[in-house]
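# Residue-level structure breakdown
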Amino acid sequence: MLTSRFLDPRGASTHLQDGSSRSIRDAEFCYPRPIGRPGTEAASSGVEGGEGGVVVRQAAFRIPARLGLAIGLLLASIAGEARASGLQAEGRRPNIVVVMLDDLGFSDLGCYGGEIQTPNIDGLAADGLRFTRFYNASRCCPTRASLLTGLYPHQVGLAQNGRDLGRDGATIAELLREHGYQTAMAGKWHLSETSPIDGKPDGLRQLAWLDHQADFDRPFADVRSYPINRGFDRHYGPIWGVVDYFDPFSLVEGTEPVREVPDDFYLTDAITAKSVDYIHTMSREDRPFFLYVAHCAPHWPLHARPEDVARYRDTYRDGWHALRASRYRRQVAMGLIDPVTHPLPELDGRGPDWDALDHAGREHQAALMAVHAAMVDRVDQGVGAILQALRETGREQDTIILVLADNGASPERYLERGFDRASRTREGKPIRYEAPFQPGSEETWGYIGSWWANAANTPFRYWKAESFDGGCHTPLIVRWPKGLQAARGATADRLGHVIDVMPTCLELAGVDYPARYDGRVLKPLEGESLTPTLAGRPRQDRRTLYFEHEGGRAVIEDGWKAVAQARGYWQLYHVAEDAAETRDRAADEPERLAELTAAWRSWASRVGAPIPARDGQP
């Protein structure tokens, strides 16, 4: 069984492992299984099942009576209600649920042109808004940092992956909790500094740690950086960024490691199950809640349940060019894009193209993409279970849900064990990195690679980590039954970025962004609230967005985008007319390019982003 070891989240400002001696007691909660697909069994969470539901033993905590705290929370709630946005449903501050997918292609979801079965997310889009010009920070850690703080990643210590989330910005959870919200997170954190044992990524001790053969009596990172110490009352999920979905490394509940999981465990289902559990638990109180559902899927390794993979066994046998063409046609047909402003670029990829592969190679590639699709499918099933929990608790109507991705589909292919990539399963079976193999099980470590990644990001160029739109252009779906005033099922072409999530949450909760938090001066917010768009007001795009990740860089302003790859020169695109970045206008508009790149350098200096030594034109 899954066992949680939560400490009282308000009993101390910081929760450390040596505080786990506080008294706890077990409590059982029953919740429905994730919604399955027609003709399949309901999804299993990897925890013990009962008749018609799943029972999880969750350690609870006794909260001593604290009159001062109770009064403080009541006053904060009342004050928040008084300041809250006019968008609120019947004067009630909304619950907020943010669902993050990892390495999702822009066109993977059905409502963004994909063939993957995502009826629950598609239903949110039909009853909400789909944003068509929304951006992230191109990579896992930077995007998550920006989403939670409303700042660019460089401002909070995440110019690179694998660092602690800095204290120059507060998180959504920290600020909402101070004003009466309950807060919970299920899923991937990836905002703590992670380092290999003895400084050796492929050392024997590091591999033993990854392979669940030893724990060396050390936490996965500094526990002061864990979600439980960044504003979340509850957290269940991995601290590191890469995991075996059937037996994840760095899995914690609160600050306590989860050392064993059931035989039928699957991480996506466990994240869903815990989210459902949190909704039922938090709904017992007459206070709103903020729930952050941070999936690992469909990030590599390609691991999925066989019944999900079976639905896509024959789907991708025509190859990546056919997939890109079919998704593009659907996007045009549904009115998501205009072929005039979104001409389809040539597909990019590394290594042999589809026609150069033999039959075995094509079959292997089709199988890899089938597992990717199955992973997205399973996330959607989990969204269905979350929606069901909101209905059962009477919270659906006054809950705003946001669904988005941390970056585009990934071209990455790491073929060596080490750092965050295991060498063996817990039972000692070796993990295969090199094809051929049948992908999907924990004994294989598969990737979709660059060709599929670019096809998944249709209609854009490139992939994860790039500042071209294939790396940083994300779907965003927002649904709020009682509060949304814009037309249901419409698309919103407002220019936005994940830095806008924090100010949106604060405005909806009636919370002012403070100048200081926990004794530290906070950097001013960089994002803008999305509430005018939710209210159906005309968009205003007089803003500038900036990007930088590992040398890739970009700036968007007034319908133009200057962009460069790492160690590359600046290119210029009139994205108002050429959103797919197909016609470089740098030679035609040198003055405009100079203005944009000067603005980017000024921004980079302000936020601490690296400026390449050769940051000009040839």
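As a reminder, the structure under discussion sits directly above these lines.
All values reported here derive from a predicted model rather than from experimental measurement.

Here Pro142 is to be found in helix H3 (residues 140-149). In this structure, Pro142 is in contact with Ala137, Pro153, Leu158, Asn161 and His549, ignoring residues within four places of it in sequence.

Our focus in this paragraph is the side chain of Gln365. Relative to the helices and strands, Gln365 is located in helix H9 (residues 359-392). Leaving out residues up to four positions away in the same chain, Gln365 has contacts with Trp320, Trp354, Leu357, Ile448 and Trp452.

Take the sheet that holds strand E17 (residues 544-549) next. Strand order in this open sheet of four strands is E17-E18-E19-E20, and the pairing throughout is antiparallel. Strands at the two margins of the open sheet, each flanked by one partner only, are E17 and strand E20 (571-573). Mean inter-strand twist for the sheet, computed between neighbouring axes without regard to direction, equals 10 degrees. Pairing geometry for E17 and strand E18 (residues 552-557), over six bridges, is antiparallel. Its bridge partner being in E18, Tyr546 is matched across the sheet by Val555.

A cis amide bond, omega 0 degrees, links Ala297 with the succeeding residue Pro298. The topology assignment puts Pro298 in the loop between strand E10 (289-294) and helix H7 (306-310). Residue Pro436 is bonded to the preceding Ala435 through a cis peptide linkage, with omega at 5 degrees. In this structure, Pro436 sits in the loop between strand E11 (399-405) and helix H10 (449-456). Phi at Ser250 is positive, roughly 70 degrees, even though this residue is not glycine. As for its position among the elements, Ser250 is in the loop between strand E7 (234-238) and strand E8 (251-253). The exposure class assigned to Ser250 is buried, which follows from its relative accessible area of 1%. Even without being glycine, Tyr462 reaches a positive phi, approximately 70 degrees.

Rules used in this analysis
- Residues numbered from 1 in each chain as written.
- Predicted model: local features only at pLDDT ≥ 70, side-chain atom pairs only at ≥ 80, totals over all residues.
- Heavy atoms only, no water.
- Helix = DSSP H or I, 4+ residues; strand = E, 2+ residues; numbered from the N terminus.
- Contact = heavy atoms within 4.5 Å.
- Pairing = 2+ DSSP bridges.
- Axes fitted to C-alpha atoms, helices over the stretch in contact; angles between N-to-C directions.
- Buried < 20%, exposed > 50% of the residue type's maximum accessible area, 1.4 Å probe, protein only.

Read these as spatial facts, not as claims about activity.
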